[in-house]
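# Structural overview for review
The chain contents come next:
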Amino acid sequence: MMKSLVMFTPILLFALSPFESPKPNIFDTSVYETKETTQTKMASENEKVKCRYVCDKKLYKEQQISNAVSYYKNLTNKP
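Our subject in this report is the structure included herewith. Counting from 1, residues in each chain are numbered in the order their sequence is written. Note on the predicted model: pLDDT of at least 70 is required for a residue's local features to be given, and 80 or more for side-chain atom pairs to be given and counted; whole-chain, interface and lining totals, by contrast, use all residues. Side-chain descriptors were evaluated using all non-hydrogen atoms of the structure, hydrogens and water having been removed beforehand.

## Some points on the overall build of the chain
- If you tally the helices and strands in the chain, you get 3 helices and 0 strands.
- Helix and strand labels come from DSSP, where a helix needs a run of H or I of at least four residues and a strand needs a run of E of at least two; each type is numbered from the N terminus. The linear arrangement of helices and strands in the chain, starting from the amino end, is α-α-α.
- In the chain, buried positions account for 0% of the 79 residues.
- Element-wise, carbon and sulfur atoms account for 64% of the exposed surface of the chain, whose accessible area totals about 8600 Å². The classification of residues rests on relative accessible area computed with a 1.4 Å probe and restricted to protein chains. Under 20% of the type maximum is buried, over 50% is exposed, and intermediate values are partly exposed. Per-residue and other accessible areas follow the Shrake-Rupley method at a 1.4 Å probe size, with only the shown protein chains counted as cover for residues.

Next up, the structure:
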């Protein structure tokens, strides 16, 4: 009985330790908050701004594709 008590005492002390409590996960989400101002509202309703955004995305995508194609062409041309 005494041997089992001596064996299990460190385990019980480790399990009941108040210092091992997990810390709560607190994330700062202020980065994702957007502020609606009159300027941003006007820009979101402006058709020219929307068109420019879509066109810029298309041009960027096409440029990335052409860069990738030229990169792979250069790989095959090397001896």
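The rest of the description comes next.
## Let's talk about the packing of aromatic side chains
- For Phe, Tyr and Trp, where Trp contributes only its six-membered ring, two rings pair if their centres lie within 6.5 Å, and the inter-plane angle classes them as stacked under 30 degrees, edge-to-face over 60, or tilted in between. As enumerated under the stated definition, the model contains 1 aromatic pair in all.
- Ring centres 5.3 Å apart and planes at 70° place the aromatic pair tyrosine 71 and tyrosine 72 in the edge-to-face group.
- According to the relative accessible area criterion, tyrosine 72 is exposed, its value standing at 53%.

## Considering the pattern of salt bridges
- A side-chain nitrogen of Lys or Arg and a carboxyl oxygen of Asp or Glu constitute a salt bridge if their distance falls within 4 Å. Counted by the stated rule, this structure contains 1 salt bridge.
- In this structure, arginine 52 engages aspartate 56 in a salt bridge whose closest nitrogen and oxygen atoms are separated by 3.1 Å. With arginine 52 and aspartate 56 both in helix H3 (residues 47–77) and 4 residues apart, the pair spans about one turn of that helix.
- Judged by relative accessible area, aspartate 56 falls into the partly exposed class, the value being 35%.

## Some words on H3
- The length a helix should cover is 1.5 Å for every residue beyond the first. Between its terminal C-alpha atoms H3 stretches 45 Å, which fits the 45 Å expected from 31 residues at 1.5 Å a residue.
- Counted as a polar contact is a pair of N or O atoms within 3.5 Å, where, for protein atoms, one must be capable of donating a hydrogen and the other of accepting one, and residues adjacent in sequence contribute only when both atoms are in side chains. A side-chain oxygen of the first residue of H3 lies 3.1 Å from the backbone nitrogen of lysine 48; this N-cap is asparagine 46.

## Details of a nonpolar patch on the surface
- Every patch collects residues that have over 30% relative accessible area and no salt bridge, joining them within 9 Å if they carry like charges and within 5 Å if they are nonpolar side chains (Val, Leu, Ile, Met, Phe, Trp, Tyr). Together, Met2, Leu5 and Val6 make up an exposed nonpolar region whose accessible area comes to about 330 Å².
- For methionine 2, a relative accessible area of 60% gives the class exposed.

## Considerations on the state of the cysteines
- For this text, the term disulfide refers to a pair of cysteine sulfurs within 2.5 Å. Applying the stated rule across the entire model yields 0 disulfides.
- Here cysteine 51 stays unpaired: no disulfide links it, and the sulfur of cysteine 55, its closest cysteine neighbor, is 3.8 Å away.
- Cysteine 55 gets classed as partly exposed once you look at its relative accessible area, which sits at 35%.

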